[in-house]
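Fold and geometry: a report
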Amino acid sequence: MTNDMPEPPSHLTFYHTVEFAPGRRTAGWPVIVPIVEMISDAMGRLDFRGRRVLDIGCRDGALAFQAERLGAAAVIGIDVDLPAENIAFLSLALRSKARFERHNLYGLKPESFGLFDIVLLPGVLYHLRYPFWGLRLVRDLLVDGGTLLVETATFADANALPLLLCPTGADSPYEPTSCTFFNIKGFTETARSLGFAVVDQRSLMNLPPYDSAASGPLPIDRTVFTCTRDHRLDDAKLMDYWDGQVDMPGLPPWTALPR
Ligand SMILES: C[S@@+](CC[C@H](N)C(=O)[O-])C[C@H]1O[C@@H](n2cnc3c(N)ncnc32)[C@H](O)[C@@H]1O
């Protein structure tokens, strides 16, 4: 980072607030600053040294750059709507070696970029209409024992049941692209069923749980989940069934009914 870096071109609008020269920052969205800080804090509790890292939904790349600062050996950032000029400006300013590509999460395969020790999935899950499938694809990108760091908007309730609130249109507590709000139990059990153990979880606001008798907006918090990929959790038969592989011996009797 050097002082002689010019200001970003005036036509660029930034999502992330990133220090690009000593004491000078991009004009990102103020509302997401505490969320990015929470994610950075969770990243600080992991060991990035020498690791291969994938940042899914990287936007301007703040968290990919943070992974690099924490010692990652290789960092790839992907986003379906990659702001290429923002990334080019920040990569130059920070002398980053991270690689960024426009890519859809749903198109990610192990062959796309290889396997990773750490996958970051911040601020994306609540935008996914197919969240289970997204997590299922991410599972196959991690080495056994690897870490998935998910940050997402969570529905604050008493966690008696594993729930997914899935509002559409004007019912979304954010805006219409935001349609997937797990409660903490819902995310934790979903992750486990897909072979991830949630080893740490922290919420930003720790809101009081939803009270159906009360009026007012739905209590939507932000939560960061640190998950370990653990092959011992895999129930291969069940996973195959969920993937649509039903012609297998030993599955429930209805799968043998004539179709
Ligand atoms: C709310 S921003 C979060 C940015 C950053 N990860 C963070 O937490 O600060 C969500 C980002 O996810 C990207 N995104 C949404 N759906 C995606 C998909 N299917 N594949 C890749 N990126 C996606 C959006 O383009 C956007 O840049």
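This text goes with the structure placed above it.
Residues numbered from 1 in each chain as written. Predicted model: local features only at pLDDT ≥ 70, side-chain atom pairs only at ≥ 80, totals over all residues. Heavy atoms only, no water.

As a working rule, side chains carrying opposite charge can pair if their charged atoms are close by. Scanning all chains against the criterion turns up 14 salt bridges. The partner of Glu7 in a salt bridge is Arg24, and the shortest N-O contact between them spans 2.9 Å. In this pair, Glu7 sits in the segment before strand 1 (19-21) while Arg24 sits in strand 2 (residues 24-25), placing the two residues 17 residues apart along the sequence. The residue Asp200 makes a salt bridge to Arg45 at a minimum N-O spacing of 3.8 Å. In this pair, Asp200 sits in strand 10 (residues 196-203) while Arg45 sits in the loop between helix 1 (33-44) and strand 3 (52-56), placing the two residues 155 residues apart along the sequence. Beyond isolated ion pairs, a larger network of salt bridges with shared partners links Arg136, Arg139, Asp140 and Asp243. (Salt bridge = Lys/Arg side-chain N within 4 Å of Asp/Glu carboxyl O. Helix = DSSP H or I, 4+ residues; strand = E, 2+ residues; numbered from the N terminus.)

Before going further, it helps to examine the sheet that holds strand 10. Pairing is mixed in the open sheet, where seven strands are placed in the order 5-4-3-6-7-11-10. Every other strand in the sheet has two partners, leaving strand 5 (99-102) and strand 10 as the edge strands with one partner each. With direction set aside, neighbouring strand axes in the sheet form an average angle of 15 degrees. Direction of pairing for strand 10 relative to strand 11 (residues 220-229): antiparallel, over a ladder of seven bridges. Each residue of the ladder has a partner; that of Gln201, found in strand 11, is Phe225. Contacts from helix 1 reach strand 6 (116-122), strand 7 (142-155), strand 10 and strand 11, with the element oriented near 155 degrees to strand 7. (Pairing = 2+ DSSP bridges. Axes fitted to C-alpha atoms, helices over the stretch in contact; angles between N-to-C directions. Contact = heavy atoms within 4.5 Å.)

Before going further, it helps to spend a moment on the state of the cysteines. Counted under the stated rule, the structure contains zero disulfides. Left unpaired, Cys166 is separated from the closest cysteine sulfur, that of Cys179, by 8.2 Å. You can call Cys166 partly exposed: its relative accessible area is 45%. (Disulfide = S-S within 2.5 Å. Buried < 20%, exposed > 50% of the residue type's maximum accessible area, 1.4 Å probe, protein only.)

The sheet contact formed by strand 4 (residues 74-79) and strand 5 spans four bridges and is parallel. Bridge assignment links Gly77 to a residue of strand 5, and that residue is Phe100.

Right, let's talk about the packing of helix 1 against helix 2 (residues 62-69) for a bit. Packing of helix 1 against helix 2 leaves a shortest axis separation of 11 Å and a crossing angle of 25 degrees. Judged on the interaxial angle alone, helix 2 and helix 1 are roughly parallel. Seen from above, helix 1 lies across helix 2 with right-handed handedness. Judged by residue contacts, Val36, Ile39, Ser40 and Met43 of helix 1 engage Leu63, Gln66 and Ala67 from helix 2. (Parallel < 35°, antiparallel > 145°, perpendicular 65-115°, else oblique. Left-handed = near helix turned anticlockwise from the far one by under 90°.)

The next point concerns helix 6 (residues 184-193). Those residues of helix 6 that sit buried are Ile184, Gly186, Phe187, Thr190 and Ala191. Down the axis of helix 6, the sector holding all buried residues measures 165 degrees, keeping them to one side. Those residues of helix 6 that are buried lie in contact with helix 5 (131-139), strand 7, strand 9 (181-182), strand 10 and strand 11. (Arc of directions from axis to C-beta.)

Within the structure, the ligand sits among 17 residues, and His16, Gly57, Asp79, Leu105 and Pro122 are positioned closest to it. Arg59 is positioned such that a nitrogen or oxygen atom in its side chain is 3.1 Å from an oxygen atom of the ligand. Within the backbone of Pro122, one N or O atom sits 2.8 Å away from a nitrogen atom of the ligand. Burial of the ligand by the protein chains amounts to 89% of its free accessible area of 600 Å². Taken together, the residues of the shell around the ligand sort by class into eight nonpolar, six polar and three charged. (Near = heavy atom within 4 Å. Polar contact = N/O pair within 3.5 Å; in protein donor to acceptor, adjacent residues only side chain to side chain. Areas by Shrake-Rupley, 256 points an atom, 1.4 Å probe, with all protein chains shown as cover. Nonpolar A, V, L, I, M, F, W, Y, C, P; charged D, E, K, R; others polar.)

The next thing to look at is the packing of aromatic side chains. What the rule picks out here adds up to 12 aromatic pairs. Seen from their ring centres, Tyr15 and Trp29 are 5.2 Å apart, and the 50 degrees between their planes marks the pair as tilted. Of this pair, Tyr15 sits in the segment before strand 1 while Trp29 sits in the loop between strand 2 and helix 1, and the two are 14 residues apart along the sequence. Assessed through its relative accessible area of 49%, Trp29 is described here as partly exposed. Geometrically, the ring pair formed by Tyr126 and Phe181 is stacked, given 6.4 Å between the ring centres and 25 degrees between the ring planes. One end of the pair, Tyr126, is in the loop between strand 6 and helix 5; the other, Phe181, is in strand 9, with 55 residues separating them in the sequence. In this structure, Tyr126 and Phe181 share a single accessibility class: buried. (Phe/Tyr/Trp six-rings, centres within 6.5 Å; stacked < 30°, edge-to-face > 60°.)

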